[in-house]
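# Residue-level structure breakdown
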Amino acid sequence: MNETNTPQAGPAYTANPGGRKLSAGWQIVGIIAELLITAAIICGLYVAWLFWWTGVQSEHEQAQTRTAATSSWTQPAESDGTTAVAKAQAGDPPVEPTSANEGELVAEVYIPRFGNQWVRNIVQGTSLEQLNKHGMGHYEESQMPGQIGNFAFAGHRAGYGSPLADINLLQKGDAVIIRTQDYWYVYRYTRHLVVLPTETEVVASNPDSPGSAPTKRMLTMTTCNPRYSTPTHRWIAYAEFAYWAKVSDGIPAELAGDGASGSVSFSSTPKQSVASQLDSLEPVVQWALIVYAVLFVAAAIVWRWPVRRAIREGRRQKPDASIYGGIARLQPGVLPVRIILLALLAVAATAALFQWVYPWAASTIPALQQMSNYVAV
């Protein structure tokens, strides 16, 4: 008897031999679980946006402001290649600046307790727009640096760079140093209070006796309390004037290194992190989608959809219903290419959340607005 030599088809391959598909009910449970995981990821990314990305944006704005405003500022003197230590001046300090418009740079503040070379901008005005963009804002009704009375300014404790995140670490006698165009004003931390937001007398010219004429020079920093939840109170930190110095003479001893040689450098073009050099994530979204589209088309031409083809041909078990699995199966190409495509989608989605969705939510949804202190600027 003649036999044909036609090869016989082998048995269909399944990824899970002997396994059974989940029932419709369990598949629905799986989809709900994926939705909950997605919601958790979105919430986690919101926290990252609030505590990291808003700080990156604030750093960008502060660098832009400082570069534009301090290019004409006096630079500290140098001695033998290192920054000189300025002589403490006696007598009444000069007042600088005497006035400022909202959003203008009033001064820079250095607090050694918060870290070597820690510095933040202080601009005129305490609106959320100014605090969110520029770091810290000067209470317009309070005095200027060097003036008798109370030089008071506010800053966030969480998010937007968190300039006063470590205010609770201050110890009595710590230096709080203000730099203006030509002068240094050195204050020493004395004490703190926790008050209600309505107790505005803490930033009065004489907070110890509101309504009375001030008799000394002091500094007040205000921020939210508690740090990581709805700010029901305000943390108030007081400091009193110690001495002043000329920027042209160098830097205060509190900012210097060992002995008489300073270790702190000052520049009109401060260093920025890589991320803070971006003023928008829109280009990230655009380029991620462009690269994704090009790679998607190329993979579809070269490899098509091998996973879906294997399912159709019975070489792979038909999968259970899944949101993430469905998205993965929509990607063409071999496994490494599909991973890259999914990563590009994740980058584009995350950048879009940071650029548009989270700012909208924080400025529109009451609970998030209260928690984040966000305003669109």
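The following refers to the structure shown. Worth saying up front: this structure is predicted, and the values here are computed from it rather than measured.

Next up on the list: the packing of helix α3 (residues 282-302) against helix α6 (residues 335-364). Angle between the axes and distance between the axes: these two values describe a pair of packed helices. At a minimum axis separation of 9 Å, α3 and α6 run at an interaxial angle of 160 degrees. One element, α3, and the other, α6, form an angle in the roughly antiparallel class. Judged by the sense of rotation from one axis to the other, the crossing of α3 with α6 is left-handed. Here Glu 282, Val 284, Val 285, Ala 288, Leu 289, Val 291, Tyr 292, Leu 295, Phe 296 and Ala 299 of α3 come into contact with α6, specifically with Val 337, Ile 340, Leu 341, Leu 344, Leu 345, Val 347, Ala 348, Ala 351, Ala 352, Gln 355 and Trp 356. Looking at the contact of α3 with α6, its residues break down into 19 nonpolar, one polar and one charged.

On the surface, Leu 35, Ile 37, Ile 41, Ile 323, Tyr 324, Ile 327 and Leu 342 cluster together to form a nonpolar patch covering roughly 570 Å² of accessible area. Here Ile 41 lies in helix α1 (residues 24-69).

Right, let's talk about the pairing of strand β4 (residues 119-124) for a bit. Among the six residues of β4, five are classified as buried, and the element is accordingly described as predominantly covered. Inspection of the sheet shows strand β3 (residues 105-110) paired to β4 by five bridges, in the antiparallel sense. Directly across from Ala 107, in β4, lies its bridge partner Ile 122. Alignment of β4 against strand β5 (residues 136-138), held across three bridges, turns out to be parallel.

Time to look at the pattern of salt bridges. Following the criterion strictly, the structure yields ten salt bridges and no others. A salt bridge links Arg 179 to Glu 108; the nearest nitrogen and oxygen atoms lie 3.9 Å apart. Here Glu 108 lies in strand β3 and Arg 179 lies in strand β7 (residues 175-179), a separation of 71 residues in the sequence. Overall, Arg 179 belongs to the buried group, its relative accessible area being 3%. For Glu 313, the salt bridge goes to Arg 315, with nearest N and O atoms at 2.8 Å. Of the residues examined, Arg 315 reaches a relative accessible area of 39% and is grouped as partly exposed. In the salt-bridge network here, residues are joined through shared partners; they are Arg 191, Asp 208, Lys 216 and Glu 240.

Within this model, the second largest pocket holds a volume of roughly 450 Å³. Contributing to the lining of the second largest pocket are 15 residues, with Tyr 324, Ile 327, Leu 345, Ala 346 and Ala 349 lying nearest its centre. Contributions of two or more residues to the lining of the second largest pocket are made by α1, α5 (323-329) and α6. If you tally residues by element for the lining of the second largest pocket, the top one is α6, at six residues. Here the residues of the lining of the second largest pocket are counted per class, giving 13 nonpolar, two polar and no charged.

Counting 26 residues, the largest nonpolar core has Val 109, Phe 153, Ile 178, Leu 219 and Met 221 as the members making the most contacts within it. The element that contributes the greatest number of residues to this core is strand β10 (residues 233-246), accounting for four residues. Every residue in contact with Ile 178, bar those within four places of it in the chain, is listed here: Ala 107, Glu 108, Val 109, Ile 122, Pro 145, Phe 151, Phe 153, Tyr 183, Trp 184, Tyr 185, Tyr 187 and Leu 219. Counting 14 residues, the second-largest nonpolar core is a separate cluster that includes Tyr 46, Leu 50, Trp 53 and Tyr 358.

Moving on, we come to the packing of aromatic side chains. Taken as a whole, this structure holds 15 aromatic pairs when the rule is applied. Ring geometry for Phe 51 against Tyr 228: centres 5.7 Å apart, planes inclined by 70 degrees, an arrangement best described as edge-to-face. With Phe 51 in helix α1 and Tyr 228 in the loop between β9 (217-225) and β10, the pair connects residues that are 177 residues apart, well separated along the chain. Note on Phe 51: relative accessible area 34%, which makes it partly exposed. Between Tyr 183 and Trp 244, the ring centres sit 5.7 Å apart and the planes meet at 75 degrees, which makes this aromatic pair edge-to-face. Of this pair, Tyr 183 sits in strand β8 (residues 183-195) while Trp 244 sits in strand β10, and the two are 61 residues apart along the sequence. Among the aromatic side chains, those forming a connected cluster through ring pairs are Tyr 46, Trp 49, Trp 52, Trp 53, Phe 354 and Tyr 358. Of note, Arg 157 hangs over the ring of Trp 235, and the distance from its end group to the ring centre comes to 5.0 Å.

Overall, Glu 108 belongs to the buried group, its relative accessible area being 2%. Side chain to side chain, Glu 108 and Arg 66 meet in a polar contact 3.2 Å long.

Before going further, it helps to examine the sheet that holds β8. Taken together, the eight strands give a closed barrel; going around it, the order is β3-β4-β5-β6-β9-β10-β8-β7, and neighbouring strands pair in mixed fashion. Averaged over all pairs of adjacent strands, the angle between strand axes in this sheet comes to 30 degrees, irrespective of strand direction. Contacts between α1 and the sheet are confined to β3 and β4, with β4 contributing the most and set at about 75 degrees to the helix.

A few words on the packing of α1 against α6. The geometry of α1 relative to α6 is characterised by a closest axis approach of 10 Å and an angle of 85 degrees between their N-to-C directions. Considering their axes alone, α1 and α6 lie roughly perpendicular with respect to each other. Two secondary-structure elements touch here, α1 through Ile 42, Leu 45, Tyr 46, Ala 48, Trp 49, Trp 52 and Trp 53 and α6 through Thr 350, Leu 353, Phe 354, Tyr 358, Pro 359 and Ala 362. Along the lines of polarity and charge, the residues of the contact of α1 with α6 split into twelve nonpolar, one polar and no charged.

With that out of the way, let us pick up a negative patch on the surface. A surface patch of negative charge is lined by Glu 102, Glu 129, Glu 140 and Glu 141. On the secondary structure map, Glu 102 appears in the loop between β2 (82-83) and β3.

So, how was this worked out
Residues numbered from 1 in each chain as written. Predicted model: local features only at pLDDT ≥ 70, side-chain atom pairs only at ≥ 80, totals over all residues. Heavy atoms only, no water. Axes fitted to C-alpha atoms, helices over the stretch in contact; angles between N-to-C directions. Helix = DSSP H or I, 4+ residues; strand = E, 2+ residues; numbered from the N terminus. Parallel < 35°, antiparallel > 145°, perpendicular 65-115°, else oblique. Left-handed = near helix turned anticlockwise from the far one by under 90°. Contact = heavy atoms within 4.5 Å. Nonpolar A, V, L, I, M, F, W, Y, C, P; charged D, E, K, R; others polar. Patch = residues over 30% accessible without salt bridge, like charges linked within 9 Å, V, L, I, M, F, W, Y side chains within 5 Å. Areas by Shrake-Rupley, 256 points an atom, 1.4 Å probe, with all protein chains shown as cover. Salt bridge = Lys/Arg side-chain N within 4 Å of Asp/Glu carboxyl O. Buried < 20%, exposed > 50% of the residue type's maximum accessible area, 1.4 Å probe, protein only. Pairing = 2+ DSSP bridges. 1 Å grid on protein atoms, 1.4 Å probe; cavity = no way out; pocket = protein on both sides within 12 Å on 5 of 7 lines; lining within 4 Å. Points joined across faces, edges and corners; volume = space filled by probe spheres on them. Core = buried A, V, L, I, M, F, W, Y, C linked by side-chain atoms within 4.5 Å. Phe/Tyr/Trp six-rings, centres within 6.5 Å; stacked < 30°, edge-to-face > 60°. Lys NZ or Arg CZ within 6 Å of the ring centre and 35° of its normal. Polar contact = N/O pair within 3.5 Å; in protein donor to acceptor, adjacent residues only side chain to side chain. Lys, Arg positive; Asp, Glu negative; His and termini not counted. Charge placed at Lys NZ, Arg CZ, Asp CG, Glu CD.

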